[in-house]
Each structure stands twice: as C-alpha cells, then as structure tokens.
Amino acid sequence: MHIIISKEALLRPLTLVSGAIERKHTLPILSNVLIETSLDEVKLTGTDMEVELVAATAPDNVIQAGAITVPAKKLFDICRSLPDGSEIEFKVDGHSAIVKAGKSRFSLSTLPASDYPNLEEWDSADEIELTRHTIRALIESTHFSMANQDVRYYLNGMSFELEPNIMRTVATDGHRLALAQQSVTNGVSEQKQVIVPRKAVLEIIRLLEDDDAVIKLHIGANHIRISDQNFVFTTKLVDGRFPDYRRVLPQGGDKVIVADKSMLKDVFQRVSILSNEKFRGVRLNLSDGELLVSANNPEQEQAEESAAVDYKGDSLEIGFNVSYIIDVLNNIKTDTVKIMLADSNSSVLIEGYDDASSLYVVMPMKL
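A brief structural summary. (Residues numbered from 1 in each chain as written. Predicted model: local features only at pLDDT ≥ 70, side-chain atom pairs only at ≥ 80, totals over all residues. Heavy atoms only, no water.)

1. Here we look at the pattern of salt bridges
Opposite charge on two side chains permits them to pair, given that their charged atoms come into close proximity.
Link 1 in the chain: All chains considered together, the criterion is met by 23 salt bridges.
Link 2 in the chain: For Arg-80, the salt bridge identified is with Asp-77, shortest N-O distance 3.3 Å. Highlighted residues: Arg-80 and Asp-77, both in helix H2 (residues 72-81), separated by three residues, approximately one helical turn.
Link 3 in the chain: Asp-150 is paired through a salt bridge with Arg-152; the nearest N and O atoms lie 3.0 Å apart.
Link 4 in the chain: One continuous salt-bridge network, built from bridges that share partners, spans Arg-132, Glu-209, Asp-211 and Asp-228. (Salt bridge = Lys/Arg side-chain N within 4 Å of Asp/Glu carboxyl O. Helix = DSSP H or I, 4+ residues; strand = E, 2+ residues; numbered from the N terminus.)

Pasting the structure below:
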C-alpha cells in the first residue's frame, strides 16, 4: 500500500472510527485501525467486536492499493500533531507502515489486515429512513436513565421500539425511567423492539450531527446499523428482554403540580448542596400553592427552600433522589413542567407541559 493524502482527509474518518476502538484489549489487533485502499477511496474500520465503525475518505493519489492495520491512537496522535494542510505519505514497507509529512517520518508496527475481525455479515429485516435530528432527540431525551454495569444486563442499554408511524426509546436503571417518542413517516410494517448497548448509544450521540440530513436505520435479528453519509455504524444488540415498562407507568396521579422548570431546577440544585452525598435524598412537602424542598446530611447540616407552584389539593410529603429529578429537568424541552403524584409511596410522573413527546418516572425513596 502506498498513498498520498492530506492531513484533514485522513484525520476526519480516523476521528470517527476511533470511538469504536478499545485502547486496552486482550487482542492487540483490536487496538488497531484497518486501512483499506482502492483506486479512488481509503476506507477506515474500527471495532471492539461489539460495535464497528466504517468511514471513507478520498486520497490525493493512490500509488498502490492494499490493506493493513496500524495502532489507531498512535496514527491519530501523529495526524493531529501535524501542521494544518500537511500532505501525508503513507506506505507499507515490510512489517512497518511509514508515515511521512514534511520533515517528519514515523515508522509504525503493523498487523495483517486478514487477521482483523469484522462483525459477521447479516441481513437487515427492516430498514427505515429518518433524520439525524429525530434519532438524536430520542436518545438525548432518555440516555441518562440507562443502567451502568447492572447485573440485569438488559438494563445496560436502551430499548428502541419501532411501529409503522412511531419510533420510541426507553431507558431505565430500575429507579427511574425515561421514555421519548417521535413520529416517523416510513416505519416498520410490524412492531419491533431491540435493546441497543450502552456504549453504542453514547457512540451514536457522538457521531450524529444535529441536523435534518436523512440516515438509514437497518434492524436485524442480532444487529442494528446506521448508514450516514459520513460513516456506517454497526452494533450487536443486547440479547435479552426489556422490562414491560408500561406496567410501572404511574396511573391515577390525582395531585398535579405545574411549575416553572428553571425555577424548580435552581431550587433543587441549591438544596441538594446539603443533601447526603451518598444517597442524595431530598424531602418534598406539598401544600396549596407551595412546594417546600428540604435536605439534611450526617453532619447535621440542613437546607430548605420554598417555591411557588400551581397546586390545589391535599398536603403530601415524599422523598426523592435529587439527582434523578435534576436530570429530568435538564432534559425536558418546555419551560413549564407538569408533575403528577398519587401518594407518598408511589412513583412520580414528570412531563413537559403540553408536550407528549417524552415522559419521566422517578421512584420515591424513604428518608
């Protein structure tokens, strides 16, 4: 292999695929990036055997086509450190890859392209088109509720639900739940639910720009793939059954609070300063037109603040993990929020006022 390529043309796809590459891995080749060249294209691939990212770029000149793998981070650091506008000569010489730019010369170790693992070929059972903005909005509205290294492995990811006219994302860690949905014009023929792993979900947020460019979503039995004009991203799915979250959605919450979102968030953040650092509990005392938020900690320190809210009804006292409440308020898009409660032992349902695109459930905690 022997190519001439600009720094910018190589760095852009290298930055994209690096997110799929593990720096510390038992298989040395998984720290490498696969570089394949044809007469008019350079294709880069990164994988950790769970997710795979492929991005292509146009070289200035292909002197000899070929394929090789080189250490991804080292090549990335070399490219990033070169002056803007640099012309890079990349050449395989025996068991080394030679990278030249100006007066700089680097020799990198290589491993054969034939040894590089790839996610097995698979056929997508369904394919839909949607905008980058749509899928980003769905993921950003719910990803914070995913579990992290939970023994219930099916919670360490996000449920993607597809229907003929709707796409829905759901995430829960057992203490809170986030649900978002968006209309799609060409959904699947019949309802489908898959679990996308946590790492893949966070990678999709990193990769997708927030605009109205159209992408393709391919869903298979064990994989899901996003085809974007800049990359192709594939991930294995979590093999498990997502909980029936509809059973835990609070029903019959007759106590409804309407309040300004920014005001509430500020109150919770101030009171949380003196909450227990481990459990992050705050107490809510609700009465006509007023919400009193209080917290204390093992050092016998206390904080409380009252907030004017739109509420008429019976008094109620309930406790919550304040971090969960703040996460929800950070992700609701409307300026006003609606909070629905039944009693001090039931979960709370939080929504944006007059916005049915997302809802959030937080379980209470005993204080």
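2. Re the side chain of Glu-161
Link 1 in the chain: With respect to the element layout, Glu-161 can be found in strand S11 (residues 157-162).
Link 2 in the chain: Judged by its relative accessible area of 1%, Glu-161 falls in the buried class.
Link 3 in the chain: Polar contacts involving the side chain of Glu-161 include one to the side chain of Tyr-245, which spans 2.9 Å.
Link 4 in the chain: Polar contacts involving the side chain of Glu-161 include one to the side chain of Arg-246, which spans 3.4 Å. (Buried < 20%, exposed > 50% of the residue type's maximum accessible area, 1.4 Å probe, protein only. Polar contact = N/O pair within 3.5 Å; in protein donor to acceptor, adjacent residues only side chain to side chain.)

3. A closer look at helix H3 (residues 132-140)
Link 1 in the chain: Of all nine residues that make up H3, seven are buried, and the element is covered over most of its length.
Link 2 in the chain: Of all the positions in H3, only Arg-132, Thr-134, Ile-135, Arg-136, Ala-137, Leu-138 and Ile-139 are classed as buried.

4. As for the layout of surface pockets
Link 1 in the chain: The space that makes up the largest pocket amounts to roughly 300 Å³.
Link 2 in the chain: Those elements giving two or more residues to the lining of the largest pocket turn out to be helix H1 (7-18) and H2.
Link 3 in the chain: Broken down by element, the lining of the largest pocket gets its largest block of residues, six residues, from H2.
Link 4 in the chain: Split by residue class, the lining of the largest pocket holds four nonpolar, four polar and six charged.
Link 5 in the chain: Of the pockets and cavities examined, the second largest pocket occupies roughly 260 Å³.
Link 6 in the chain: Taken together, 16 residues form the lining of the second largest pocket, with Thr-172, Gly-174, Leu-177, Val-248 and Met-363 sitting closest to its centre.
Link 7 in the chain: Broken down by class, the residue content of the lining of the second largest pocket amounts to eight nonpolar, four polar and four charged. (1 Å grid on protein atoms, 1.4 Å probe; cavity = no way out; pocket = protein on both sides within 12 Å on 5 of 7 lines; lining within 4 Å. Points joined across faces, edges and corners; volume = space filled by probe spheres on them. Nonpolar A, V, L, I, M, F, W, Y, C, P; charged D, E, K, R; others polar.)

5. Quick look at empty space enclosed by the protein
Which parts of space are left empty comes out when a probe the size of a water molecule is rolled across the atoms.
Link 1 in the chain: All chains considered together, the criterion is met by two cavities of 30 Å³ or more.
Link 2 in the chain: Considering only enclosed or pocket space, the largest cavity measures out at about 40 Å³ in volume.
Link 3 in the chain: Lining the largest cavity, in full, are Phe-268, Leu-284, Phe-320, Ile-325, Ile-339, Val-348 and Ile-350.
Link 4 in the chain: The residue inventory of the lining of the largest cavity, partitioned by class, reads seven nonpolar, no polar and no charged.
Link 5 in the chain: Roughly 30 Å³ of internal volume is contained in the second largest cavity.
Link 6 in the chain: Counting residues per element, the ones that place at least two in the lining of the second largest cavity are strand S19 (281-287) and strand S22 (316-321).
Link 7 in the chain: Counted by class, the lining of the second largest cavity contains seven nonpolar, no polar and no charged residues.

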